[in-house]
Amino acid sequence: MNIQFKKGVLELCVLVLTAKKDRYGYELVEQISRRFEIAEGTIYPLLRRLASEGLFSTYLSESMEGPPRKYYKITDQGMTVLNELVTEWEKFAGGVREMIEEGSE
Amino acid sequence: MNKDLYLSELYKYLKRLPPDERDEIMTDYAEHFEQAELNGRSEKEVIQRLGSPRLVAREVLAQTQIKKAGKSPSLSSVTRAVMATVSLGLFNLIVVLLPFVASLLLFVGVYGVAFFLIISPILLFIQNPLVSIFINEFFLMVGCVGIGLMLVIGSMKMTSVYYKFVIRYLRYNLSLIGRI
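Please read all numbers here as calculations on a predicted model, not as lab measurements. Counting restarts for each chain: residues are numbered from 1 in the order of the written sequence. To label them, take the chains in the order written and letter them from A, then take the ligands in the order written and number them from 1. pLDDT decides what is reported in this predicted model: residues at 70 or higher carry local features, side-chain atom pairs at 80 or more are listed and counted, and totals for whole chains, interfaces and linings draw on all residues regardless. Computation of side-chain values: all heavy atoms of the structure, hydrogens and water removed.

1. Remarks on the interface of chain A and chain B
Stage number 1. We call two residues in contact when some of their heavy atoms are within 4.5 Å. The partner chain B presents 29 residues to the 30 residues of chain A that form the contact.
Stage number 2. By buried area we mean how much accessible surface two parts lose on assembly, using a 1.4 Å probe and totalling the loss over both. In this assembly, chain A packs against chain B so that about 2800 Å² is buried in total across both faces, 54% of it on carbon and sulfur atoms.
Stage number 3. Salt bridge, as used here, is a side-chain nitrogen of Lys or Arg placed within 4 Å of a carboxyl oxygen of Asp or Glu. The interface formed by chain A and chain B holds five salt bridges in total.
Stage number 4. Polar contacts, as used here, are pairs of N or O atoms within 3.5 Å; protein pairs need one atom able to donate a hydrogen and one able to accept it. Residues neighboring in sequence count only if both atoms are side-chain atoms. The interface formed by chain A and chain B holds twelve residue pairs in polar contact (both at pLDDT 80 or more) in total.
Stage number 5. Secondary structure elements follow DSSP: runs of H or I of four or more residues count as helices, runs of E of two or more count as strands, with numbering from the N terminus. Elements with a minimum of two residues in the side of chain A that touches chain B: helix H1 (3-20), helix H2 (25-33), helix H3 (43-52) and strand E3 (69-74) of chain A.
Stage number 6. When residues of the side of chain A that touches chain B are assigned to their parent elements, the largest contribution, seven residues, is made by H1(A).
Stage number 7. Charged means Asp, Glu, Lys or Arg here, nonpolar means Ala, Val, Leu, Ile, Met, Phe, Trp, Tyr, Cys or Pro, and polar covers whatever is left, Gly included. By residue class, the composition of the side of chain A that touches chain B is 13 nonpolar, six polar and eleven charged.

Rendered as C-alpha cells:
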C-alpha cells in the first residue's frame, strides 16, 4: 500500500485498538504489523504525539512474564476523535468501494 | 547491528532533546526489544522491522521541533520545525520547503519596500539637497513614510498569523507524510 496513505490511517488504527482495551506499545505494533507492513519504530512517536494531545493517558503496569510495561489508555477526548475518524474513514472507504464496483461492472 | 548498537545510535541522534524526554523515548524502545524477545523474536528481526534509528529519530525530532515552535513561534523556531519536517521525505521539499522559502521572500520584499518608503525623505535629500524641493514634496514624503510605517506594522501582525498557519500546516503534514 502507498506509504504516505498509510501514515494517516495509523492514528485511526491505534485509537481503534485502544478503544477495546488498554494496550502496551509492543502489542499495538504487533496488531497493526500483522495486517499491513509498517516501519514499526515510527509507532512510538505517534503514540507520544497522541498522548501529548490528550487522546491517551499512560500508566506502567507489572506483567507476569517480565519487566513492567507502559500501557496506553484512551481518554474521552480520544474517543471523540476516534468516532470522528471512523465516520470519515467509512465515508471515504465506502466511496472508493462504490467506484471500484462501478468500474468492474 | 544488535540491540545495544541500535539503542546507542538512537540515543546519539536524540542528543538534542531535553534529557527527560530522551530518556522516556529510550525506555519505549528498550521495552519494545524486551517484549519482542519475550515473544521469541530475534534482535536482528526486531531491528529490521523497527526501521533505522535515523528514521525513527527524524520522526521524533520533527514532532518535537513543531511542538516547540508552537509554544514560542519565532523565525528560528519555525525554520527549525520546517527543516525537521523536510527531512522526513523528498516530497516535503516541494510541499513544505518551497512554499516556505517563497513566502519568506515575499515578507522580505514587503519589508524592503517599507524600508525604502520610510527612508525616502533622506534619499530625496541626498539626491537633491535643496530645501525648496523638500518643502514642495513635503506631503508626498509624509505619504511615503506613512505608507511605509503601515506596511511594517501590517507585516509584523501578519508574521505572527503566518507562523501559526505554518505550524498548523506542519502538524497536518507530519500526521500524513513520511515513511512508515
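2. Remarks on the packing of helix H6 (residues 91-118) of chain B against helix H9 (residues 138-176) of chain B
In helix packing, the relevant descriptors are the interaxial angle and the interaxial distance, both defined with respect to the helix axes.
All names here are of chain B.
Stage number 1. Between N-to-C directions, angles cover 0 to 180 degrees, with each direction set by a line fitted to C-alpha atoms, over the stretch in contact for helices. Interaxial distance between H6 and H9 falls to 8 Å at its minimum, and their mutual angle equals 165 degrees. Considered as vectors, H6 and H9 are oriented roughly antiparallel to each other. For the pair H6 and H9, the sense of crossing is left-handed.
Stage number 2. When its residues are assigned to classes, the contact of H6 with H9 shows 23 nonpolar, six polar and no charged. Note on angle classes: values under 35 degrees are labelled roughly parallel, values over 145 roughly antiparallel, values of 65 to 115 roughly perpendicular, and the remainder oblique. Working rule for handedness: look at the near helix, and if it is turned counterclockwise from the far one by less than a right angle, call the crossing left-handed; if clockwise, right-handed.

3. As for the nonpolar core
Generally speaking, soluble globular proteins have nonpolar side chains that are buried together.
Stage number 1. Remark: nonpolar core denotes a set of buried residues (Ala, Val, Leu, Ile, Met, Phe, Trp, Tyr, Cys) joined through side-chain atoms within 4.5 Å. Throughout, exposure labels follow a simple rule: accessible area from a 1.4 Å probe, protein chains only, divided by the maximum for the residue type, with under 20% read as buried, over 50% as exposed, and the rest as partly exposed. Judged by nonpolar contacts, the single largest core of 41 residues is most densely connected at A:Ile32, A:Leu47, A:Phe56, B:Leu14 and B:Tyr29.
Stage number 2. If we skip the residues at most four places from it in the chain, B:Leu14 touches B:Arg22, B:Ile25, B:Met26, B:Ala57, B:Val60 and B:Leu61.
Stage number 3. Core analysis: the next-biggest nonpolar cluster, separate from the first, contains 18 residues, B:Val78, B:Val96, B:Phe107 and B:Ile167 among them.

4. Observations concerning the pairing of E3(A)
Residue and element names in this part refer to chain A.
Stage number 1. The buried count for E3 comes to five of six residues, which makes it a mostly enclosed element.
Stage number 2. With two bridges joining them, strand E1 (residues 23-24) and E3 adopt antiparallel strand pairing. In the sheet register, Tyr24 faces E3, and the bridge partner there is Tyr71.
Stage number 3. Looking at chain direction, strand E2 (residues 56-61) and E3 are connected through six bridges and run antiparallel. Any two strands between which DSSP finds at least two bridges are classified as paired.

5. With respect to the UniProt feature "transmembrane region" (unreviewed entry) in chain B
Residue and element names in this part refer to chain B.
Stage number 1. Per the UniProt annotation, the sites labelled "transmembrane region" (unreviewed entry) are residues 77-98, 104-126 and 138-156.
Stage number 2. The span residues 77-98 is 82% helical and 0% strand by assignment, and the distance between its end C-alpha atoms comes to 18 Å.
Stage number 3. Within the segment residues 138-156, helix and strand shares are 100% and 0% respectively, and the terminal C-alpha atoms sit 27 Å apart. UniProt positions are given in the numbering used here, feature names are shortened, and annotations may be inferred rather than shown by experiment.

6. Comments concerning the environment of B:Gln35
Stage number 1. Topologically, B:Gln35 is positioned in helix H2 (residues 19-38).
Stage number 2. Discounting residues that sit within four places of it in the chain, B:Gln35 has contacts with A:Tyr24, A:Tyr26, A:Pro67 and A:Arg69.

7. A look at H3(A)
Residues and elements named next belong to chain A.
Stage number 1. In terms of burial, H3 is a largely internal element, eight of the ten residues being buried.
Stage number 2. Taken as a whole, H3 has its buried residues at Ile43, Tyr44, Pro45, Leu46, Leu47, Arg48, Arg49 and Leu50.
Stage number 3. Looking one or two places after H3, you find Gly54, whose phi comes out positive at around 85 degrees.

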